Amino acid sequence: MDTQKHNEMIDRYSARNYAPLPVVIAKGQGAWVEDVDGRRYLDMLSAYSALNFGHNHPRVLEVFIEQARQLTLTSRAFQNDQFGPFCKEITEFCAMDLVLPMNTGAEAVETAIKTARKWGYTIKGVEPDQAEIICCDNNFHGRTVTIVTFSTDPQFRDGFGPFTPGFKIIPYLDPKALEQAITKNTVGLLVEPIQGEGGIVMPPPGSLKRCYDICRSHNVLFMADEIQTGLGRTGRVFACDHEDVKPDVLILGKALGGGVMPVSAVLASKDILGVFNPGDHGSTFGGNPLGCAVARTALKILTDENLSQRAAELGEAFMARLRTIGGSKIKEVRGRGLLIGIELHTQAGPAKTYCKTLKDEGMLCKDTVEQVLRLAPPLVIEPKDLDWAFERVAKVLG
Ligand code: PXG
């Protein structure tokens with residue numbers, strides 16, 4: 001079937017909850033993909049960081065196939081032989097005591113919310129059903145009813161109420177507003193250390209550390225959603241590392257599954273994740289042996305291939321070049337490592353239009369908010385491929 005037939009079939013049979021570029025991908029290798037008509041594209045999105053290791057990384061693929069032959073699922077009613085090593089390795093990697101595995105990012109965020117609430121009631125001493133969690137304006141943490149409760153994008157909420165009580169919004173990482181919003185019932189601050197879906201919005205310099213310190217002094221959990229920014233993407237293992245902040249609750253997803261399995265996790269100290277008792281929370285697929293085996297390998301690849309460092313170096317050089325593009329369209333190039341946003345002037349029109357043009361040039365990327373084009377290639381991308389991408393961007397946006 002060709003591209004057109006596929007698109008017709010998808011339009012006919014799938015819910016219209018997305019409006020993707022019409023390219024129909026059939027194969028991928030490294031940073032490159034090929035569509036059903038044999039056209040090749042450079043993947044400058046990498047599934048929003050879920051493909052940090054690129055398509056078909058040989059080590060990921062090998063462990064995936066090997067583990068699939070052995071054992072794929074037990075549920076948590078029984079133990080499996082990948083779970084223990086996974087828990088040991090990921091907690092050591094993150095320098096945390098305990099891990100609670102889930103599958104998708106939204107599930108991990110939900111888990112973090114439940115963790116903070118339960119910790120609030122059992123450890124901090126908040127009165128029953130009074131717990132409050134502070135979130136930031138312009139956030140994106142997923143799509144469940146509870147999570148869209150604290151979205152400030154009307155489209156994510158419209159038609160989905162009634163919502164979950166117990167959330168407050170402050171301007172993004174604003175220490176003064178945080179201090180004012182905290183009450184005796186506040187159990188946590190939930191924050192993305194760089195806002196991805198919000199338009200690659202950088203934290204105001206020093207704000208992660210200041211907000212962390214405020215949380216500390218009020219016995220409030222600092223919960224970092226590193227689902228998109230974590231595991232090398234921003235040039236450090238975690239985006240919080242840029243300000244030497246070690247979150248109380250760390251939320252991971254996307255790249256943890258090596259681009260082949262949905263694997264997410266919440267990590268924290270014993271005092272915090274220790275609040276769960278058998279039956280309190282869980283997931284059929286959470287901690288499954290296939291996901292655990294792949295995640296263990298993903299963490300090893302990150303270290304063995306020095307991918308954080310690679311993202312830092314390649315990202316810095318690439319951003320410097322993007323900033324040399326003249327003309328009237330680009331307002332700002334910003335980001336960290338290989339998480340890059342190109343903000344366009346309003347008169348240039350929506351970023352989406354340029355994503356279409358870039359697709360015709362053989363490069364796949366995605367707008368975030370109306371005026372921001374996001375570039376987030378796999379961290380394994382070759383420098384010569386970034387040169388190639390630069391030429392395309394310069395041609396289309398110059
Ligand atoms: N937190 C952050 C910071 C994210 O970027 C999630 C949580 C939720 O992850 P899951 O695995 O539940 O999607 C994200 C996800 C989409 C979409 O299609 C999602 C993200 C980015 C772009 C599109 O809903 N980020």
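All values derive from a computational prediction rather than experimental measurement. Positions within a chain are numbered from 1, following the residues in the order the chain's sequence is written. Reporting of local features is limited, given that this is a predicted model, to residues whose pLDDT is at least 70; pairs of side-chain atoms are given and counted only at 80 or more, and all residues count toward the totals for whole chains, interfaces and linings. Calculated side-chain values reflect all of the structure's heavy atoms, with hydrogen atoms and water omitted.

Considering the packing of helix α11 (residues 307-322) against helix α13 (residues 383-397)
Axis geometry follows a simple rule: fit a line to the C-alpha atoms, using only the stretch in contact for helices, then measure angles between N-to-C directions, giving values from 0 to 180 degrees. Helix numbers and strand numbers start at the N terminus; a helix is a DSSP run of H or I with at least 4 residues, a strand a run of E with at least 2. At a closest axis distance of 11 Å, the pairing of α11 and α13 adopts a crossing angle of 25 degrees. Between α11 and α13, the interaxial angle falls into the category roughly parallel. Of the two possible hands of crossing, α11 and α13 adopt the one that is right-handed. Of the residues in α13, those in contact with Arg310, Leu314, Phe318, Arg321 and Leu322 of α11 are Pro383, Leu386, Asp387, Ala389, Phe390, Glu391 and Val393. Within the contact of α11 with α13, the residues separate by chemical class into eight nonpolar, no polar and four charged. Oblique is the label for any angle not under 35 degrees, not over 145, and not in the 65 to 115 range, which are roughly parallel, roughly antiparallel and roughly perpendicular in turn. Each crossing gets its handedness from the near helix: less than a right angle anticlockwise from the far helix is left-handed, clockwise is right-handed. In what follows, a contact means two residues having at least one pair of non-hydrogen atoms within 4.5 Å. Under the grouping applied here, Gly and all other residues not named as nonpolar or charged are polar, the nonpolar ones being Ala, Val, Leu, Ile, Met, Phe, Trp, Tyr, Cys and Pro and the charged ones Asp, Glu, Lys and Arg.

A few points about the layout of surface pockets
With a 1 Å grid spanning the protein atoms alone, the term cavity applies to any set of points in which a 1.4 Å probe fits but cannot get out, the term pocket to an open set with protein on both sides within 12 Å along at least five of seven lines, and the term lining residue to any residue with an atom within 4 Å of a point. Grid points are joined across faces, edges and corners, and a volume is the space filled by probe spheres set on the points. If you add up the space inside the second largest pocket, you get close to 450 Å³. Lining of the second largest pocket is provided by 21 residues; of these, Arg76, Val99, Leu100, Pro101 and Phe276 occupy positions nearest its centre. Contributions of two or more residues to the lining of the second largest pocket are made by α3 (83-94) and β4 (98-102). Looking at the lining of the second largest pocket element by element, the count peaks at five residues for β4.

Observations concerning the site of the ligand
Nearness is judged by heavy atoms alone; a residue qualifies as near a molecule or strand once a single heavy atom is within 4 Å of it. Around the ligand there are 15 residues in total, and Tyr18, Ala106, Asp225, Gln228 and Lys254 lie nearest to it. We call two N or O atoms a polar contact when they sit within 3.5 Å, provided that within protein one can donate a hydrogen and the other can accept it, with sequence-adjacent residues counted only if both atoms are side-chain atoms. Interatomic distance of 2.9 Å between a backbone N/O atom of glycine 105 and an oxygen atom of the ligand. Between the ligand and the protein, one listed contact pairs an oxygen atom with a backbone N or O atom of alanine 106 at 2.8 Å. For the ligand, whose accessible area on its own is 530 Å², the fraction buried by protein is 85%. The residue inventory of the shell around the ligand, partitioned by class, reads five nonpolar, five polar and five charged. Computed with a 1.4 Å probe, the accessible areas rest on the Shrake-Rupley method; for each residue, only the protein chains presented here act as cover.

Overview of the domain arrangement of the protein
Where each domain starts and ends comes from a domain assignment, either automatic or drawn from a database. Under the domain assignment used here, the protein contains domain 1 (3-56 + 306-397) and domain 2 (58-304). Just the C-alpha atoms count here: the centres of domain 1 and domain 2 sit 26 Å apart. At the interface, 31 residues of domain 1 touch 30 residues of domain 2. Summing both sides of the interface, domain 1 and domain 2 together bury roughly 2400 Å²; the carbon and sulfur share of this comes to 57%. When residues of domain 1 are sorted by the area they lose upon contact with domain 2, Phe53, Arg336 and Leu339 head the list and together hold 30% of the total. We define a salt bridge as a contact between a side-chain nitrogen of Lys or Arg and a carboxyl oxygen of Asp or Glu at a distance within 4 Å. Across the contact surface, domain 1 and domain 2 share one salt bridge. In this structure, arginine 374 and glutamate 197 form a salt bridge, with 2.8 Å as the shortest nitrogen-oxygen distance. There are 16 residue pairs in polar contact (both at pLDDT 80 or more) connecting domain 1 and domain 2. Per-element accounting of the side of domain 1 that touches domain 2 gives the leading share, five residues, to α11. Tallied by class, the residues present in the side of domain 1 that touches domain 2 amount to 17 nonpolar, eleven polar and three charged. Accessible area, probed at 1.4 Å, shrinks when two parts are joined; the buried area is that loss added up over both.

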